[in-house]
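# Structural overview for review
Residue-level listing of the chains:
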Amino acid sequence: MKYIAEPFKIKMVEPIRMTTREYREQTIKDAFYNGFSLRAEDVYIDLQTDSGTGAMSHTQWAGIMVGDESYSGARSYFHLMEATKEIFGYAYNQPVHQGRAAEKVLFPALTKPGQYWLSNTFFDTTRGHVGLAGGRPIDLVCAEGLDTTTYADFKGNADVRAMRTFINTHGVENIAGIVMTITNNTVGGQPVSVANMREVRELADYYGLLIVIDAARFAENAMFVKQREVEFRTSTITDITRETFSYGDIYALSAKKDAIVNMGGLIGVRDDEEIVEKIKANVIPFEGYLTYGGLAGRDIEALAIGLKEGLNEDYLAYRLGQSQYLAGLFDEAGIPYQTPVGGHGVFIDAGKLLPHIPWYQFPGHALAIELYIEAGIRACDIGSLLMDRDPVTGEPQQAASEFTRLAIPRRVYTQAHLDVVADALKSIKARAEQVPGYEITWEPRVLRHFTAHLQPVKH
Ligand SMILES: Cc1ncc(COP(=O)(O)O)c(C=O)c1O
């Protein structure tokens, strides 16, 4: 796989440093074997997340300087409204401080206690907020999404037939709605086709259900659609985005991904005044006045600019190309990952690489810790540690796959950094059977992977 050269040049640098293995062994122990508790300065290459870790452009930084900090009706807010209307085509757009703020505002307004939400797969914060609102999140991804070794163009798709069966079995009055996550982060940043969005829309219309698009990586999804869905080969990314969003009723968007800002989020409503009023009623107490929604004026200005930059096709080709390059190195080394590689990074199939570690000792987490000890690389579990306990029974839940996610921040690391990552994984693969599983020694009630304490399991 050829590396697609960066469609930008570097104007500012931030030094990073390599530490010794002994230092990292002690540091990760002191952090209770949870990468979130490390000091970032002790990390060499940080692939923990692509969220809020991107490099803003000179145009965005210029926007920071001219951001309007008025409490209400700021100029920057109107710039953002112009951008959101043009890109998504929804009547109402609401800034909030990040994706989970959108979820906190939305789900209590749309959920009756005990109702189910169906999804092509919930991201953990979305799952958490559905639970906190008294709802029950159900993942119904297509069968290909769960098979990490076979190629399929759109592994992020929903299993529409399974959704229909679920609705018929449980009664439509017990369903709050459908969440479509694009790209589908939890199954590996896998894209959702426009055809699947259309089918889900038909299903929702038949039963009179709402569709919420969890749109964090909407631009990467649109680029995949352009590359893989014949109907859209000559469409622009904006046209594909417009069409995708036309099949939803509401969107919740973490702007820390495809809008390439360090902080920000959005909620959009296509045309439902009643829902807009509910959203406004929650935004003001939780996020602040409607025209700033928990953000500084300068953040809003950078967001308005970043939303458009994130749609540039040269950028998106390079962006998807980075994951494809890293995946190509793993192919050469026989390291299993969710195939084909997704948009925002490579999801190593830790369940396959470390078959001696059972799901309840978190293979995805074990590999992430080993990568840190090996080369100062920070990654994270997208597997059974990320799954919270069942909100009703309190039982641990087994994830469909045990991934270690190597998320690539936008416009931050170079080809040489990716080579270092591949070399580290090759060394670990050579001594895979020595990697220990982990057990939890303390955990909070929801979103446990952020703060849980763990220790290696001794045999
Ligand atoms: C699909 C998806 N939805 C929602 C969120 C939550 O967004 P935030 O981290 O901005 O709260 C994320 C974050 O990673 C995500 O990937």
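As a reminder, the structure under discussion sits directly above these lines.
Residues numbered from 1 in each chain as written. Predicted model: local features only at pLDDT ≥ 70, side-chain atom pairs only at ≥ 80, totals over all residues.

## Thoughts on the nonpolar core
General note: in soluble globular proteins, nonpolar side chains tend to be found buried as a group. Basically, it comes down to this: Residues of type Ala, Val, Leu, Ile, Met, Phe, Trp, Tyr and Cys that are buried and joined through C-beta atoms within 7 Å form what is called a nonpolar core. Put plainly, a residue is buried at 20 or more neighbouring C-beta atoms within 10 Å of its own, exposed at 12 or fewer, and partly exposed in between, counting only other residues' C-beta atoms, which are placed from the backbone. Where each domain begins and ends follows an automated or database-derived domain assignment. Contact between two residues is assigned whenever their backbone-derived C-beta positions fall within 7 Å.
Counting 82 residues, the largest nonpolar core has Ala-102, Leu-106, Ile-178, Met-180, Tyr-251 and Leu-303 as the members making the most contacts within it. A domain split of this core shows at least three residues from each of domain 1 (21–50 + 312–456) and domain 2 (58–309). What Met-180 contacts, discounting residues up to four positions off in sequence, is Asn-120, Ala-158, Val-192, Met-197, Val-200, Ile-211, Ile-213, Asp-214 and Gly-248. Counting residues in each nonpolar core, the second largest holds 47 residues, with Leu-326, Val-346, Phe-347 and Cys-380 among its members.

## A short note on unusual backbone geometry
We apply this condition: Numbered from the N terminus, helices here are DSSP runs of H or I no shorter than four residues, and strands are runs of E no shorter than two.
Here the amide bond leading from Ile-182 into Thr-183 is cis, since omega sits at -20°, within 30 degrees of zero. Along the chain, Thr-183 falls in the loop between strand 5 (175–181) and helix 7 (194–207). Cis peptide bonds are those with omega within 30 degrees of zero, and the linkage from Thr-339 to Pro-340 qualifies with -5°. A positive phi angle is found at Tyr-33, which is not glycine, with a value near 50°. Among the secondary structure elements, Tyr-33 is positioned in the loop between helix 1 (21–30) and strand 1 (45–46). Positive phi, normally seen in glycine, also occurs at Leu-447, with a value near 50°. Among the secondary structure elements, Leu-447 is positioned in the loop between strand 13 (438–442) and strand 14 (453–456).

## Regarding the packing of helix 8 (residues 218–228) against helix 12 (residues 313–333)
Note the threshold: Axis geometry follows a simple rule: fit a line to the C-alpha atoms, using only the stretch in contact for helices, then measure angles between N-to-C directions, giving values from 0 to 180 degrees. Oblique is the label for any angle not covered by the other classes, which are roughly parallel (under 35 degrees), roughly antiparallel (over 145) and roughly perpendicular (65 to 115). For this classification, Asp, Glu, Lys and Arg are treated as charged, while Ala, Val, Leu, Ile, Met, Phe, Trp, Tyr, Cys and Pro are nonpolar and the rest, including Gly, are polar.
Across the interface, helix 8 lies against helix 12 with an axial gap of 10 Å and an inter-helix angle of 90°. On the basis of the axis angle, helix 8 is roughly perpendicular to helix 12. Every residue of helix 12 that contacts helix 8 at Ala-219, Glu-220 and Met-223 is listed here: Leu-316, Arg-319 and Leu-320. Tallied by class, the residues present in the contact of helix 8 with helix 12 amount to four nonpolar, no polar and two charged.

## Description of the sheet that holds strand 11 (residues 380–382)
Condition: By this definition, two strands are paired if DSSP reports at least two bridges between them.
Spatially, 9-12-11 is the arrangement adopted by the three strands of the open sheet, whose pairing is antiparallel. Because the sheet does not close on itself, it has two edges, and the strands there are strand 9 (345–349) and strand 11. Direction aside, the axes of adjacent strands within the sheet are offset by 35° on average. Note that strand 11 and strand 12 (residues 403–407) share three bridges and pair antiparallel. Bridge pairing in strand 12 links Cys-380 to Arg-405. Contacts from helix 12 reach strand 9 and strand 12, with the element oriented near 30° to strand 9.

## Thoughts on the packing of helix 6 (residues 160–170) against helix 7
Two packed helices can be described by the angle between their axes and the distance between those axes. Where we set the bar: Crossing handedness: left-handed means the near helix sits turned counterclockwise from the far one by under a right angle, and right-handed means the same turn made clockwise.
It is at 10 Å that the axes of helix 6 and helix 7 come closest, and there the two elements cross at 15°. Taken together, the axis directions place helix 6 and helix 7 in an arrangement best described as roughly parallel. Considering the relative orientation of helix 6 and helix 7, their crossing is right-handed. In contact with Val-160, Met-163, Arg-164 and Ile-167 of helix 6, helix 7 contributes Glu-199, Val-200, Leu-203 and Tyr-207. Residue composition of the contact of helix 6 with helix 7, grouped by class: six nonpolar, no polar and two charged.

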